[in-house]
Amino acid sequence: MEEFKISSSIIESVSYYGKNMFVKLKNEKLLAYNSVPQNVFEEFIKADAHDEFYTKRIISAFPSRRMA
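Residues numbered from 1 in each chain as written. Predicted model: local features only at pLDDT ≥ 70, side-chain atom pairs only at ≥ 80, totals over all residues. Heavy atoms only, no water.

**A word on the pairing of strand 2 (residues 11-17)**
Condition: Burial classification: accessible surface area is computed with a 1.4 Å probe over protein chains only, and a residue below 20% of its type maximum counts as buried, one above 50% as exposed, and the rest as partly exposed. By definition, any uninterrupted DSSP run of H or I lasting at least four residues is a helix, any uninterrupted run of E lasting at least two residues is a strand, and each is numbered from the N terminus. For two strands to pair, DSSP has to find at least two bridges joining them.
Counting buried residues along strand 2, five of its seven residues qualify, which places the element largely inside the surrounding structure. The sheet contact formed by strand 1 (residues 3-5) and strand 2 spans three bridges and is antiparallel. Its bridge partner being in strand 2, Glu3 is matched across the sheet by Ser15. Pairing geometry for strand 2 and strand 3 (residues 20-25), over six bridges, is antiparallel. Its bridge partner being in strand 3, Ser13 is matched across the sheet by Lys24. Linking strand 2 to strand 3, which pair antiparallel, is a turn of two residues; within it Gly18 sits at a positive phi near 55°.

Written as structure tokens, this is what we have:
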């Protein structure tokens, strides 16, 4: 599972494995988002505004659970 560093004020890195997207926040929390299609993850990595994409396309659309 490859970890991608992105330009964000709140996110440290993201990774993807088996339709689960993992988001490591800068405050050290690790969140798992379930049933995220791979194309949505790829759009997220390529987005110009990661924070906006995260709040509008990820948080509101996919269930999450705190991992750490």
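Now, onward.
**A look at the pattern of salt bridges**
Short version of the rule: The working definition used for a salt bridge is a side-chain nitrogen of Lys or Arg within 4 Å of a carboxyl oxygen of Asp or Glu.
One pass over the structure, following the stated rule, counts three salt bridges. Among the salt bridges present, the one from Glu12 reaches Lys5, with a minimum N-O distance of 3.3 Å. Judged by its relative accessible area of 29%, Glu12 falls in the partly exposed class. Glu43 serves as the salt-bridge partner of Arg57, at 3.0 Å between the closest nitrogen and oxygen. Within this pair, whereas Arg57 is found in helix 2 (residues 50-59), its partner Glu43 is found in helix 1 (residues 38-46), the two being separated by 14 residues in sequence. Assessed through its relative accessible area of 36%, Arg57 is described here as partly exposed.

**Observations regarding helix 1**
Formally: This arc corresponds to the set of directions leading from the helix axis out to the C-beta atoms. Here, two residues are considered to be in contact whenever any of their heavy atoms come within 4.5 Å of each other.
For helix 1, every residue scored as buried is listed here: Val40, Phe41 and Phe44. Looking straight down helix 1, one finds that the buried residues subtend no more than 100° of arc, so they occupy a single side. Turning to helix 1, the residues buried within the fold contact strand 1, strand 2, strand 3 and helix 2.

**Some remarks on helix 2**
Among all positions in helix 2, only His50, Phe53, Tyr54 and Ile58 are buried. Down the axis of helix 2, the buried set is contained in an arc of 100°. They therefore lie on one face. Against strand 2, strand 3, strand 4 (30-33) and helix 1 lie the buried residues of helix 2.

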